[in-house]
Amino acid sequence: MLKVGIVGLPNATDEIHYLNGQWVDSEDLKISAFDLSVTRGFGVFDFLRTYNNKPFMLKEHINRFFYSLKILKMESVKTRKEIEEIVKKGIKRNGFSETNIKIIQTGGMSDDGITPNGRYGFIAMFTPATKYPISYYEKGIKLITAPMGRMYTEAKSLDYMTGVLALMEAKKKKEPGSRTSIYCLMSDGEQDAGNTWEAAMLAGKLRLDNLTAVIMAIVVLSIMPGIIEVVRHRLRA
């Protein structure tokens with residue numbers, strides 16, 4: 001059996017989680033090592049937290065969870081109402097001042113070791129929300145970008161290899177004395193076109209003056225010769 005939980009946190013055994021129909025503490029939060037989420041990285045999750053001890057945009061997060069399941073062609077083992085009740089009950093049972101909630105549906109056991117057969121697992125994890133220093137918000141933090149993308153970008157899958165590698169790279173580049181560093185996954189402008197333009201619009205709204213945009217328009221230019229000026233105008237706006 002493979003233990004799944006938060007290692008190294010104080011009082012981790014005081015945390016209560018939901019695992020396949022039962023409430024368990026961190027020590028008993030375990031799934032099989034043969035689960036497809038372990039052997040193939042197959043499964044979906046969603047993450048949210050509370051503010052003033054209320055789950056933030058719970059229905060929207062659950063809807064996104066179901067959308068991820070749809071993309072990976074997985075049937076949900078819980079209804080929306082059941083997940084909502086589990087989340088609210090978990091928050092109450094743990095009694096943290098503020099709570100992080102991670103909802104997971106694992107790929108489950110497989111007869112051939114690769115093909116899902118519907119025996120999915122369901123986990124809801126509850127941990128204390130991190131309270132960051134006020135200086136992070138007042139002075140900002142170090143930002144390091146990484147040129148990486150993800151497959152099936154619309155789904156919040158358990159495959160976070162690009163994120164893990166980007167964070168490792170960020171830690172290598174962490175400057176002496178820097179308190180923290182974060183990573184940013186940059187899109188290719190095609191597969192993640194929506195994310196690219198959302199980021200550009202946000203940069204404009206925040207009036208960033210130190211943003212460099214690299215646009216690869218070799219194919220587009222042959223079809224729309226004036227596209228560069230259009231893009232330049234949008235980004236300038």
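Residues numbered from 1 in each chain as written. Predicted model: local features only at pLDDT ≥ 70, side-chain atom pairs only at ≥ 80, totals over all residues. Heavy atoms only, no water.

Caption draft 1: Fine view of the sheet that holds strand β3 (residues 22–25). Pairing is antiparallel across the open sheet formed by six strands, whose spatial order is β3-β2-β8-β7-β5-β6. Edge strands, defined here as strands with exactly one partner in the open sheet, are β3 and β6 (54–55). Summarising the sheet, strand β2 (residues 16–19) and strand β8 (residues 121–128) pair through two bridges and their orientation is antiparallel. Considered in β8, the bridge of Y18 is made with A124. Of the strands in this sheet, β5 (43–51), β6, β7 (99–106) and β8 touch helix α2 (residues 58–71), which is tilted by about 175° from β5. Contacting β2, β3, β5, β6, β7 and β8, helix α3 (residues 80–94) crosses the sheet at an angle of about 35° to β8. (Pairing = 2+ DSSP bridges. Helix = DSSP H or I, 4+ residues; strand = E, 2+ residues; numbered from the N terminus. Contact = heavy atoms within 4.5 Å. Axes fitted to C-alpha atoms, helices over the stretch in contact; angles between N-to-C directions.)

Caption draft 2: Spatial organisation of the pairing of β2. Every second residue of β2 is oriented toward a common face, with I16 and Y18 on one face and H17 and L19 on the other, all of them buried. Bridge count for β2 against β3 is four bridges, and the pairing is antiparallel. Opposite H17, over in β3, you have V24 as the bridge partner. Between β2 and β3, which pair antiparallel in sequence order, lie two residues; one of them, N20, sits at a positive phi of approximately 45°. (Buried < 20%, exposed > 50% of the residue type's maximum accessible area, 1.4 Å probe, protein only.)

Caption draft 3: Local environment of the nonpolar core. One finds F65, M74, I83, V87, I101, I103 and F122 to be the most contacted residues of the largest nonpolar core, which totals 23 residues. Those elements that place two or more of their residues in this core are β5, α2, α3, β7 and β8. If one sorts the elements of this core by residue count, α2 sits on top with five residues. Apart from residues lying up to four places away in sequence, I103 is in contact with V44, F45, D46, L48, F65, I83, V87, F122 and I123. Counting eight residues, the second largest nonpolar core, distinct from the first, contains V24, I31, I104 and I123. (Core = buried A, V, L, I, M, F, W, Y, C linked by side-chain atoms within 4.5 Å.)

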